[in-house]
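Single-letter residue listing:
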Amino acid sequence: MVTVVHHRFSVDDYEQMIAHGILTENERVELIRGEIVEKMVVGSLHSAAVKRMNRLLTTQLLAALVSVQDPIILSDSEPEPDFALLVPRDDFYASSNPKSSEVLLVIEVADSSLAYDREIKLPLYAEAGIQEFLIVNLNESKVEVYRQPQLSGSYQSRVDFGCGQSLATLAFPEIRFEVDSILG
């Protein structure tokens, strides 16, 4: 019988591999629960949705830093969500990647990655205490809004917004986003 041994990496180990060139920015990987995993291939629908969302966020949310497909630091993971709205810092996070306490909102755009975003990423964000998590669900033409994170790895509240509806975030309740503008 063959035993496969998995080596778990800490966030510090992972960042050292990047700093020493073992992992490069050309590699599509992220650290999830101590394992280095390949990120899914991004298709044109996903790319277009990211571009639309980027325009909406950067033009309307001047009180936050909009981070696009950049890493955030969680206890045993360093995922790279499509978007993270961050508490502004003078150094624009040059001295370190943002920690969960500095993340106001995480957004994942999902088509082929929908199951992964719900089953793997959602529990990570909930356990880290990220107050609000959105999935732009391209398959079903809706935005899933998750709030009230639980340490068990779930969110207590989920509300879906479809075409013709608008939504506001917890961090910026005064700004409404049209779902049609997000989905295109």
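The structure we're discussing is the one just above.
Residues numbered from 1 in each chain as written. Predicted model: local features only at pLDDT ≥ 70, side-chain atom pairs only at ≥ 80, totals over all residues. Heavy atoms only, no water.

1. Section: the sheet that holds strand E3 (residues 65–68)
Two modes of strand pairing occur in sheets, parallel and antiparallel, and in both the strands are linked by backbone hydrogen bonds.
Then comes step 1: Pairing within the open sheet is mixed, and its six strands lie in the order E3-E4-E5-E6-E7-E8. Edge positions in the sheet fall to E3 and strand E8 (154–162), since each has one partner strand and no second. Averaged over all adjacent pairs, the angle separating strand axes in this sheet is 20 degrees, with direction ignored.
Then comes step 2: Examined bridge by bridge, strand E4 (residues 83–86) and strand E5 (residues 103–110) share four bridges and lie antiparallel to one another. Paired with Phe83 across the bridge in E5 is Ile107.
Then comes step 3: Along the sheet face, helix H2 (residues 44–60) touches E3, E4, E5 and strand E6 (132–137) and points at about 150 degrees away from the line of E5. (Pairing = 2+ DSSP bridges. Helix = DSSP H or I, 4+ residues; strand = E, 2+ residues; numbered from the N terminus. Axes fitted to C-alpha atoms, helices over the stretch in contact; angles between N-to-C directions. Contact = heavy atoms within 4.5 Å.)

2. Examining the side chain of Lys39
Then comes step 1: Inspection of the secondary structure puts Lys39 in the loop between strand E2 (35–38) and H2.
Then comes step 2: Among residues more than four places away in sequence, those in contact with Lys39 are Arg28, Val29, Glu30 and Glu80.

3. Remarks on the pattern of salt bridges
Then comes step 1: Applying the stated criterion to the full structure yields 13 salt bridges.
Then comes step 2: As a salt-bridge pair, Lys121 and Glu30 come within 3.2 Å of each other at their nearest N and O atoms. Of this pair, Lys121 sits in helix H3 (residues 114–127) while Glu30 sits in strand E1 (residues 29–32), and the two are 91 residues apart along the sequence. Both residues of the pair, Lys121 and Glu30, count as buried.
Then comes step 3: Measuring nitrogen to oxygen at the nearest pair gives 2.6 Å for the salt bridge that ties Arg147 to Glu132. Taken as a pair, Arg147 in strand E7 (residues 142–150) and Glu132 in strand E6 lie far apart in primary sequence, 15 residues in all.
Then comes step 4: Overall, the relative accessible area of 21% leaves Arg147 in the partly exposed class.
Then comes step 5: Assessed through its relative accessible area of 1%, Glu132 is described here as buried.
Then comes step 6: One connected set of salt bridges, linked through shared partners, spans Arg118, Glu140, Lys142, Glu144, Arg158 and Asp160. (Salt bridge = Lys/Arg side-chain N within 4 Å of Asp/Glu carboxyl O. Buried < 20%, exposed > 50% of the residue type's maximum accessible area, 1.4 Å probe, protein only.)

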